[in-house]
Amino acid sequence: MNIGLTDGADPTASLYDDPSAAMLVAPEAEHLVQALAPLPVGEIPSDKWLTQHGWIERLNMQAHVNASQMCDEFVMEALVLHEKMPTLVHSLLASELWRTNVFPKLRERAAELDGVRLYQALYHEGIVANLLEVSMFHRQACEACGDSLLDLLDWAHRRLVWLEAHQPPPEFGHKKPEDVKKVLLGGGVAGQLDRQLDTIEMGASLAACSIVRFALEHGESLPAGVLARLLDSYDIVMLVARLLETRPWRCRRGTDGSEMRFDSGHWVAVGDAARHRLPKVEAQLWLTLLSLATDPAVRARYAFTDFRKAALVRLRKYLNETVVDQIPPLSQLQRAIDELSLTDTPAQQHKPAYVLEQLPALREALARGQDWAAVAASSIDRYFSSSHEAKQRHAEELAKLYSSPAVERLLTGPSSQGGNTSSNNSGGWTDGAPPGEFTLLIEIRPDGDEADVTDIVTVSAKGREPTFQTVLEVEPNSASLQLPGTGGSVLVRARLLASDGSEVASTADGVHGWSAPLHLPQKGGKSKAWLQLGHDPTKLRVQLLITRANSSNKTGGYGGASGWVVGSARATAPERHALRLEFVPETAGAEHTAVVVAEGCAIPGVAQSLFRPTGGTGDVLLPLSCRVRAELRAGDKVWRAVETRLELSKERALQWAQVGKGEQALRIQLRLRQAVHGGVKGIELAAVYVTLPDEAQGVNSESANSEGAVANGNSNGNGNGTAAAIAAGGGGGGKEGGQ
């Protein structure tokens, strides 16, 4: 069964018809990427350009969701597959040219006519930089940039130079609140626009730091001109060293002396608990310097003069124990700087009289022959003078895009907004937890039929996706709730919720999910005790550390009586299942048998659970005409899907296929993509999703058969699977290529 792209879909249709669909699925992302096209500077910010801006915005958000949840990065894969990385670089440079040459000539007039459209034109550079940043973490994305990589690094160098000279916002320099208010309210629309532009440029500059680091880490597979330009033309070593000294993303607020940092697109106050925590951009720059200092190719090419040695040695004082504890590989940088300080400065090498160097050409080509004053005048007449109804429609479309709950969670992230942030930096999360954060809800009530529903105490804890006994941070307001302190027994139940509120797993032991009675120590006994909730490895298991409380707090549960306080929660997610897929060619001996082995947790009632690869080389193409066998194991239990015949086409960029069908059978969805290995064009496996039968009983592997899929256990799980990249292993005669 083949499920391909909906070939009749129109990628130019409105992106905002469904407000709940702000996060993309793989086929939709594929369509949007295919529709991206380079647009000239003069079309910024036309309606056509704004439509493409909306596509890139959604692709950027989905790419960050994929990266944060460590799942299938299908946005990056689509950009590489359809050769759209140079298109993003083109869009980035066009936006920069518009900002530097057109914006100064129309800023006042455009702000009066259509401030929303003007902000979108400025904001676009930061969006594209953000998408390039998350994509270039992968080597294939860097390689896919081709010759445009030099133009991208040229842009990144300009951003780093701007960042080094950047001054903190003027309001932070005032000590009196009334002076700060005067600065923020002064300047009118122009002043507000300047502050917005400064924030956009700051965000783009921090993204440039990551882009430079990723390019250096993948340097051995990139053109030789890239390293030469970074070292010889930009002297990137000294620029990074200077940034680590000045740290322009940090400053002091004049009103209260608190430290401010630029993080996630805005300036935030840092609490005492997080003051020694490295900002993300600082960590990126330290890793960049580590790559430069320890790369033999760099040390062989780069001339360490006395001035350069002194600049690097000055950084040694910042590599203290606190920093190295957070980034252990920096101990290598410590050693490299110490060695450098003890070596003599090498004699200056004579450079050749003529040097052949590849130069970035895209920015120059975009700017050639442009009359910027004419472009600005044309933009005012054509794009900023639209009717009130058109402006209203545009504003409504933007509101739909950003009002989705999924988008709101992505944009909000960890709570660190202004004000008192001491609680925000203690490890807990607010209600706006970012995607990838899980909430553990624990309910506790006294044992006995006479217990009232009002006697239930609810405790919540938040953290990353749990594996084995993962510690989740109990929220402060939950920790103050008290349990009965007179001994006796309590009943407990727990549910694990994803960031969108859907239930991922639960303990579900007894009636209505309540556990068997758990006994508390008697008065005068132990001051601490562990409660074990759940024992089934296919379900959620939770351990609670409770501590005897002596306070007379009247706001806690059970009338505030002195009792027990939940101090810590450890969660263990359901056990992992092993999936084996065999792609057997229809013609014996004509092609190899490809084998894929993956791990995941398939829970009854949860559709399309993600399975991750346990190995695989990714260099094996699948037989185009084959039979697929699937076997899912969990301990001594096994599920098998009905053997399915597939007919694949190597001419299609993306295909979907399903193994098994019907609610009573094991179903596996396969995402297949076009690939070229060893000069041979074919199809490889990109992602896999698993859905267990709705109602079935688990059996051991000896009694399972390929005609009827079987399943085991029940769960209240209710979530959606996400994609993960999986490589197709292979080998002859059933050899496991995924091992």
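Residues numbered from 1 in each chain as written. Predicted model: local features only at pLDDT ≥ 70, side-chain atom pairs only at ≥ 80, totals over all residues. Heavy atoms only, no water.

## A short note on the sheet that holds strand S4 (residues 266-269)
- The sheet built from three strands is open, its strands ordered S2-S3-S4 with antiparallel pairing. Of all strands in the sheet, those bounded by a partner on one side alone are strand S2 (250-252) and S4. The mean angle between the axes of side-by-side strands here comes to 35°, regardless of whether they run parallel or antiparallel.
- Here S2 pairs with strand S3 (residues 259-263) via three bridges, running antiparallel. Each bridged residue has a counterpart across the sheet, and for cysteine 251 the counterpart in S3 is methionine 260. (Pairing = 2+ DSSP bridges. Helix = DSSP H or I, 4+ residues; strand = E, 2+ residues; numbered from the N terminus. Axes fitted to C-alpha atoms, helices over the stretch in contact; angles between N-to-C directions.)

## Focus: unusual backbone geometry
- Cis geometry marks the peptide bond from isoleucine 44 to proline 45; its omega dihedral reads -5°.
- One can find proline 45 in the loop between helix H1 (26-35) and helix H2 (47-68).
- Positive phi, close to 45°, is recorded for aspartate 235, a residue that is not glycine.
- Examined against the element boundaries, aspartate 235 turns out to sit in the loop between helix H10 (224-233) and helix H11 (236-246).
- Judged by relative accessible area, aspartate 235 falls into the buried class, the value being 19%. (Buried < 20%, exposed > 50% of the residue type's maximum accessible area, 1.4 Å probe, protein only.)

## Regarding the side chain of glutamate 77
- Locating glutamate 77 in the fold gives a position in helix H3 (residues 74-81).
- Of note is the side chain of glutamate 77, whose polar atom sits 3.0 Å from the side chain of arginine 671. (Polar contact = N/O pair within 3.5 Å; in protein donor to acceptor, adjacent residues only side chain to side chain.)

## Notes on the packing of aromatic side chains
- As enumerated under the stated definition, the model contains seven aromatic pairs in all.
- Centroid distance tyrosine 302 to phenylalanine 304: 5.1 Å. Interplanar angle 80°. Geometry classified as edge-to-face. Comparing tyrosine 302 with phenylalanine 304 shows no difference in burial state: the two are buried.
- Judged by centre distance (6.1 Å) and plane angle (25°), the rings of tryptophan 656 and tyrosine 689 are stacked. (Phe/Tyr/Trp six-rings, centres within 6.5 Å; stacked < 30°, edge-to-face > 60°.)

## Some points on the packing of helix H7 (residues 148-164) against helix H9 (residues 188-217)
- Where H7 meets H9, the axes come as close as 8 Å, and the angle between the chain directions of the two elements is 125°. Regarding the angle of H7 to H9, the classification is oblique. The two elements H7 and H9 meet at a crossing, and its hand is left-handed. Residue-level inspection shows Leu152, Leu153, Trp155, Ala156, Arg159, Leu160, Trp162 and Leu163 of H7 in contact with H9, the latter providing Asp198, Glu201, Met202, Ala204, Ser205, Leu206, Ala208, Cys209, Ile211, Val212 and Ala215. (Parallel < 35°, antiparallel > 145°, perpendicular 65-115°, else oblique. Left-handed = near helix turned anticlockwise from the far one by under 90°. Contact = heavy atoms within 4.5 Å.)

## Section: the environment of glycine 600
- Within the secondary structure, glycine 600 is located in strand S16 (residues 594-600).
- Since its relative accessible area comes to 0%, glycine 600 is described here as buried.

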